[in-house]
Amino acid sequence: MEGSLTLSEPAPAPAEVDISTLSFPRHVAIVMDGNGRWARARHRPRRFGHHAGQKAVRAAIEFCLRHGVRALTLFAFSSENWRRPKDEVGALMELFLKALDREVDELHGHGVRIAFIGDLSAFAPALRERMLAAMEKTRRNDRLALNVAVNYGGRWDIAHAAKQAALAVQRGELAAEAIDEHTLARYFCLADLPPVDLFIRTGGEQRISNFLLWQTAYSELCFSDVLWPDFDAACLQRAIAEFARRERRYGGLAATPGEARR
Ligand code: IPE
Ligand code: IPE
Ligand code: MG
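> Can you explain the overall build of the protein? Please cite residues and give values.
When you go through the protein residue by residue, the secondary structure sums to 7 helices and 6 strands. Scaling as 2.2 N^0.38, a compact globule of 262 residues should have a C-alpha radius of gyration of about 18 Å, and the protein matches this with 19 Å. C-alpha extents for the protein along the principal axes are approximately 55 × 55 × 35 Å. Long-range pairs, those at least 24 residues apart, make up 77% of the contacts in the protein with a sequence separation of at least 6. Here the protein has roughly 14200 Å² of accessible surface; of this, 52% comes from carbon and sulfur atoms. Of the charged side chains in the protein, 36 are positive and 33 negative; the average position of the first set lies 3 Å away from that of the second.

> Account for the side chain of Thr202, with residues named and values stated.
Here Thr202 is to be found in the loop between strand 5 (198-201) and strand 6 (220-223). With a relative accessible area of 0%, Thr202 lands in the buried category. A distance of 2.7 Å separates a polar side-chain atom of Thr202 from the backbone oxygen of Asp33. The contacts of Thr202, once residues within four sequence positions are left out, are Val31, Met32, Asp33, Ser224, Val226, Trp228 and Phe231.

> Could you give an account of the pattern of salt bridges, with specific residues and numbers?
Applying the stated rule across the entire model yields 21 salt bridges. Here Arg26 ties to Asp197 by a salt bridge, and the two come within 3.9 Å at their closest N and O atoms. Of this pair, Arg26 sits in the segment before strand 1 (27-31) while Asp197 sits in the loop between helix 6 (181-185) and strand 5; the two residues are 171 residues apart in sequence, bridging distant segments of the chain. Note that Asp197 is salt-bridged to Arg248, the shortest N-O span being 3.0 Å.

> How would you sum up the sheet that holds strand 5? Please name residues and give values.
In spatial order, the strands read 3-4-2-1-5-6; together these 6 strands make up an open sheet with parallel pairing. The open sheet has two free edges, formed respectively by strand 3 (112-117) and strand 6, since each of these has just one partner strand. Adjacent strand axes in the sheet meet at a mean angle of 20 degrees when their direction is disregarded. In this sheet, strand 5 lies alongside strand 1 in parallel orientation, the contact comprising 4 bridges. For Val31, the partnering residue across the bridge sits in strand 5 and is Arg201.

Thresholds, definitions, all that
Residues numbered from 1 in each chain as written. Chains lettered and ligands numbered in written order. Predicted model: local features only at pLDDT ≥ 70, side-chain atom pairs only at ≥ 80, totals over all residues. Heavy atoms only, no water. Helix = DSSP H or I, 4+ residues; strand = E, 2+ residues; numbered from the N terminus. Rg over C-alpha atoms; globule rule 2.2 N^0.38 Å. Contact = heavy atoms within 4.5 Å. Areas by Shrake-Rupley, 256 points an atom, 1.4 Å probe, with all protein chains shown as cover. Lys, Arg positive; Asp, Glu negative; His and termini not counted. Charge placed at Lys NZ, Arg CZ, Asp CG, Glu CD. Buried < 20%, exposed > 50% of the residue type's maximum accessible area, 1.4 Å probe, protein only. Polar contact = N/O pair within 3.5 Å; in protein donor to acceptor, adjacent residues only side chain to side chain. Salt bridge = Lys/Arg side-chain N within 4 Å of Asp/Glu carboxyl O. Pairing = 2+ DSSP bridges. Axes fitted to C-alpha atoms, helices over the stretch in contact; angles between N-to-C directions.

If you want it as structure tokens, here you go:
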């Protein structure tokens, strides 16, 4: 199938670094940015860039499957992206619908568990139903957790978690005094997954744009100038190599005893 996952093919030769020996992130989150600029550079409408971005989505999924990354969370549509022109939003919705129809069976075959995170209530019933069906169909898979953030906002997630906790208090299932960051964490999207180790944003902007706020408290941030449709396995390898160079201290000190740290 054109543009489908190609796991049966041999792994591409590493670009500049041998990443096979590196410590891999368990959970990668990506702000897939730059589709519009990619299209503009080709004198094409913005939707052309969104369409081209699908290839990079497939490459990222394939990369994660190949290297045993447990979770991949992709920012596909933010709660603020409704501000875009109607025809662009419409083109994106159509793209999501078609992608769902085309890709779910194959992803299921590869053991991918698909989840959509965000406020799904805003979507047209046909799209929402397909999203729910994809989640239901793949919910027992455990090779890769693929989370697609749609109508998602980090602030929405925080408000939603707070509301769920408040409702649990109202039902008598949770004592208000017991609410701390550990109990609240259970009500956030992605609570069942390892924390986001590596946060990547393509397209050159260095901001979060209301993506995962709570879940990225100790993520390593990696910004790439490459526009999303051009972000391929070699780019991901570079991000992984960058991640492996980082020293994660979580507010403590370096793991190596006796080593002087500033
Ligand atoms: C990201 O690419 C995709 C979505 C937000 C849906 P953009 O559409 O933001 O592309 P640029 O940033 O305008 O180039
Ligand atoms: C973030 O990109 C949202 C997605 C990639 C889905 P935007 O293009 O919407 O972010 P801003 O507007 O540059 O902050
Ligand atoms: Mg953008």
